[in-house]
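Fold and contact review
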Amino acid sequence: MNLQVELEHRRNVLITRLRGELDHHTAEIVRFQLDEVIQRGQVNHVVLSLSELTFMDSSGLGVILGRYKQIKGKGGKMAVCEMNPAVRRLFELSGLFKIMNVYDNEHLALNGLEVVS
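The protein chain has the name Anti-sigma F factor antagonist in an unreviewed UniProt entry, where Paenibacillus apiarius is given as its organism. Under the Function (unreviewed entry) heading, UniProt states for the protein chain: "In the phosphorylated form it could act as an anti-anti-sigma factor that counteracts SpoIIAB and thus releases sigma f from inhibition." Quoted verbatim from the Sequence similarities (unreviewed entry) field of UniProt, the annotation for the protein chain is "Belongs to the anti-sigma-factor antagonist family."

1. Considerations on helix H1 (residues 27–39)
Since one α-helical turn is 3.6 residues long, residues separated by three or four positions face the same way. Taking 1.5 Å of rise per residue, the 13 residues of H1 would be expected to cover 18 Å, and the 18 Å separating its terminal C-alpha atoms lies within 8% of that figure. Looking at H1, one finds that the buried residues are Ala 27, Val 30, Leu 34, Asp 35, Val 37 and Ile 38. Projected onto a plane normal to the axis of H1, the buried residues spread over an arc of 170° and lie on a single side. Residues Phe 32 and Gln 39 are exposed on H1 and point more than 90 degrees away from its buried face. Next to the buried residues of H1 lie strand E1 (3–10), strand E2 (13–22), strand E3 (45–56) and helix H2 (58–73). Gly 41 occupies a position one or two residues after H1 and carries a positive phi of about 90°.

Quick notes on the rules
- Residues numbered from 1 in each chain as written.
- Predicted model: local features only at pLDDT ≥ 70, side-chain atom pairs only at ≥ 80, totals over all residues.
- Heavy atoms only, no water.
- UniProt positions renumbered as here; feature names shortened; annotations may be inferred.
- Helix = DSSP H or I, 4+ residues; strand = E, 2+ residues; numbered from the N terminus.
- Expected span 1.5 Å × (residues − 1).
- Buried < 20%, exposed > 50% of the residue type's maximum accessible area, 1.4 Å probe, protein only.
- Arc of directions from axis to C-beta.
- Contact = heavy atoms within 4.5 Å.

Pasting the structure below:
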């Protein structure tokens, strides 16, 4: 299965919606697209919306952790929302919930980042 990446820039927040599978075949695509937008300098925070992400492996976790470090280095925050149980379990096992917040939906994530939608 392919991966579709939808990027929405809202104020200084990049909302990233992932659909499909984030694995070693597709991780580089996500890394490139996010890096390109983040490095333009208009993004302080990232919301990852994963409601339609059906699979993720350690390569996907690596991409997310790397972007988290970029955003944190800029003084920003990253939030995750709308995860299916398998992806949520991977986040739990990896310890990513210790460094980023999870929300039920995008609106709550934006509020959690203190960015009004």
